[in-house]
Amino acid sequence: MASIQLDKIGKSYGAIDTIREIDLAIGDGEFVCLLGPSGCGKTTTLRMIAGLEQPTRGGIRIGGRDVTHAQPKDRNIGMVFQDYALYPHMTIADNIAYPLKVRGVAADARRAQAREVADVLHIADLLDRLPAQISGGQQQRTSLARALVHPADAFLFDEPLSNLDARMRVEARAFLYHLQRSRGMTAVYVTHDQAEAMALSTRIAVMCAGDIVQYAPPLEIYRRPATTFVAGFVGDPPMNLIAAQATRTQAGIALRAGGLEMAPIASWPALDLALERGDRITVGVRPEHLRIAAGDGNRLRGKLFANEAMGPESLVTLCLDDGVRITARVFGDAPVRIDGDAVFAFDAARVTLFDAQGNRIDGQN
Amino acid sequence: MNRRTLFSRMAFSVGAALLGAAFALPLIWFVFAPFNAQADLDLAMPKPPTLTNFARVFANRAAVGALLNSLLQAFGTVLLVATTATLAAYALARTALRGKRVIEYVLLLFSSVVSGSAAMVPIFLIVNALGLIDTQVAVILVFTGGLLPTAMFILRDFIASIPRGYEESALVAGASPWRAFVDVVVPVLRPGVTIAAVWAFVQVWGGFLIPFVLLRSEQRMPASVEIYSFYSQAGTPIVPLLAAYSVLYSLPVIALYWYVNRKYGFRFFGGIKS
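Draft legend 1. Geometry of the pattern of salt bridges. Overall, the coordinates contain 23 salt bridges over all chains when judged by the stated rule. The salt bridge involving A:K42 is made with A:E159; its shortest N-O contact spans 3.9 Å. In this pair, A:K42 sits in helix 1 (residues 42–50) while A:E159 sits in the loop between strand 7 (154–158) and helix 5 (166–183), placing the two residues 117 residues apart along the sequence. Both residues of the pair, A:K42 and A:E159, belong to the buried class. With its nearest N and O atoms 2.7 Å apart, the salt bridge here joins B:E167 to B:R94. Of the two residues, B:E167 sits in helix 7 (residues 164–172) while B:R94 sits in helix 3 (residues 61–94), which places them 73 residues apart along the sequence.

Shown next, in the form of structure tokens:
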């Protein structure tokens, strides 16, 4: 296993910068997810680590060794592709053993090692079949086995679970977690599914439009999102974001928006600084920090839009006057009255504020 | 069914039967004539069926040798076309070459010129200057030049339908680009190469002008040219021998089609499913 460093990596196609400038340090044994919407450059970044794309600028090191211009075969990596990319003319055993074959391992040893990995992944009884003869989940595990059969320095995953159905995906996710943590593999994992990133990562790099917006452990990303983009991307449902107008009053900073009733808050230096740049402040509240309540305090007032019972919890959505939808995660039953008035209450301490540029205002909690 | 539709149905059936017969007659002749010692251009049941025609053809050394020459030229060309076209098509399909489309178009345009009769004089002059007149190498090279662009075209579409992930996964598994090509692309591409190879074989097998112009001595002529030895001095065909030789001449092509059809079927032209 080895660490991976990306130093000011950039990739341009003609005049278009797909990746602007990325610095990323992945420690030995870390599981880092590149998380972002499609087109954010996460797959391109992974392919540059693999050597399948050449960076336009910057350098890549694996285990301290400069591999920026090395061929993929000289990087000693294992990779799992989104569509698995199993060779249709080879049996499962030959597919798994292929990395050993190109390294000149004898046929007997290849067969034995392939069987060993297949055992771990519960596909040992499929070794003589062809890829077309096994299910999608089995193909996924075959592709994983092929990446694992040789002791690589780093493992790269390109949305490996996205072709599985929901149930298989959760199962495979826990399996991957266990495998990576128990073996101490260095893993880079591309996904657009924030739940996968949260579940698997030691650190998440949230990407947007060719940049890394935030690089931090999952809970840090969740609790202290660096920007409104991260706040709106991570979490299911994501953080509620309400655009508000800030004004200074004698009682403190008053935040006003349609349906938002919030007591003025005492300012602090970072907020003062943010207000100098603009008075458009975004108020962020996680769904689990809202509760259905009457009474005084900080409230969001609107019409009930939907009430989805999920079992242990209900997702209650209300529509503010200006059409903004706010979702609360309510444990237990929630009153169901479509278009009825509903009120959510929250603690000011649970609120995250973002400045006019969408950056989190630091130092509040 | 009223009288009118009945009549039109009958008319259609009679018309279709006549049309079918027009196409079937030469084939029926082709089945019977070789086994008829007195065959002429009329359709006749052989009485009795005999193999004397074949015996006489096999006694003709030049005619048998010509079949072997045809095989040599066809296999030589197929080998060369299949190898070079696969490599060239792979490069064309997988690289981001500037002006790729123009190159492809020009190549395709020229291919019909090279194998066409218009270019025979320059081709003859070139081959003559190379000192290759009356050699099988010249025939194979000229055929290859003519067939290569179309073969590349056929193969390019096959290659384009192979997911890049196949090669990429081989590359990250530790294979060199060449190794990935040999281990992964070539086996997956086999149906496409077979199609191109069979097509090239048939082209060479039936080719007349190129060997006729480039070869001199009778012992090097392919069957397509040698078949004219079954004409008398006066230019009239010796029908029984011609018929028997024609059967022998068409056997390899029939065998090839049978083989391909059995192995892949002729429906896989749409590409490969992953």
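Still to come is the rest of the account.
Draft legend 2. Fine view of the packing of helix 2 (residues 92–102) of chain A against helix 4 (residues 136–148) of chain A. Residue and element names in this part refer to chain A. In contact at an axis separation of 6 Å, helix 2 and helix 4 are set at 30° when each is read in the N-to-C sense. Viewed along their axes, helix 2 and helix 4 adopt a mutual orientation that is roughly parallel. Considering the relative orientation of helix 2 and helix 4, their crossing is right-handed. Between helix 2 and helix 4, the residues in contact are I92, N95, I96 and P99 and T142, A145 and R146, respectively.

Draft legend 3. Up close: the sheet that holds strand 12 (residues 252–256) of chain A. Residue and element names in this part refer to chain A. Taken in spatial order, the four strands make up an open sheet running 12-11-14-20, and their pairing is antiparallel. Across the chains shown, the open sheet's two edge strands, defined by having one partner strand only, are strand 12 and strand 20 (352–354). Ignoring which end each strand starts from, the neighbouring axes of this sheet average 40° apart. Sheet topology places strand 11 (residues 240–249) next to strand 14 (residues 280–285); six bridges connect them, and they run antiparallel. For I242, the partnering residue across the bridge sits in strand 14 and is V283.

Draft legend 4. Structural context of the confidence of the model for chain B. All names here are of chain B. On average, residues of chain B score 87 in pLDDT, and 94% of them are at 70 or above. Ranking the helices and strands of chain B by mean pLDDT puts helix 7 first, with 94, and helix 4 (residues 100–114) last, with 77. Per-residue pLDDT stays below 50 along residues 268–274; that stretch engages in 13 contacts with residues further than four places along the chain or on separate chains.

Draft legend 5. Main features of the nonpolar core. Membership of the largest hydrophobic core comes to 99 residues, with the highest contact counts inside it found for B:L214 and B:Y245. Sort the elements by how many residues they give to this core and helix 8 (residues 177–206) of chain B lands first, with 13 residues. Non-local contacts of B:L214, meaning those with residues more than four positions away in its chain, are made with B:I123, B:F124, B:V127, B:I133, B:D134, B:A138, B:V139 and B:V142. A:L100, A:L179, A:L200 and A:Y222 belong to the second largest nonpolar core, which has 46 residues in total.

Draft legend 6. Quick peek at the environment of B:Y245. Residue and element names in this part refer to chain B. With respect to the helices, strands and loops of the structure, Y245 is situated in helix 11 (residues 239–263). Note on Y245: relative accessible area 0%, which makes it buried. Sequence separation between Y245 and Q233 is twelve residues; the distance between their C-alpha atoms is 18 Å. Among all residues touching Y245, those that are not within four sequence positions of it are V57, A63, A66, L67, A223, E226, I227 and F230.

Draft legend 7. Broad picture of the sheet that holds strand 5 (residues 65–66) of chain A. Residues and elements named next belong to chain A. Taken in spatial order, the four strands of this open sheet run 2-1-4-5, and their pairing is antiparallel. The two strands at the open ends of the sheet, each matched to only one other strand, are strand 2 (16–26) and strand 5. Strand direction decides the pairing type here: strand 1 (residues 4–13) and strand 2, joined by seven bridges, are antiparallel. Counted as the bridge partner of Q5 is A25 from strand 2. Docked against the sheet, helix 1 engages strand 1, strand 2 and strand 4 (57–62), running at close to 120° with respect to strand 1.

About the cut-offs
Residues numbered from 1 in each chain as written. Chains lettered and ligands numbered in written order. Predicted model: local features only at pLDDT ≥ 70, side-chain atom pairs only at ≥ 80, totals over all residues. Heavy atoms only, no water. Salt bridge = Lys/Arg side-chain N within 4 Å of Asp/Glu carboxyl O. Helix = DSSP H or I, 4+ residues; strand = E, 2+ residues; numbered from the N terminus. Buried < 20%, exposed > 50% of the residue type's maximum accessible area, 1.4 Å probe, protein only. Axes fitted to C-alpha atoms, helices over the stretch in contact; angles between N-to-C directions. Parallel < 35°, antiparallel > 145°, perpendicular 65-115°, else oblique. Left-handed = near helix turned anticlockwise from the far one by under 90°. Contact = heavy atoms within 4.5 Å. Pairing = 2+ DSSP bridges. pLDDT = per-residue confidence, 0-100. Core = buried A, V, L, I, M, F, W, Y, C linked by side-chain atoms within 4.5 Å.

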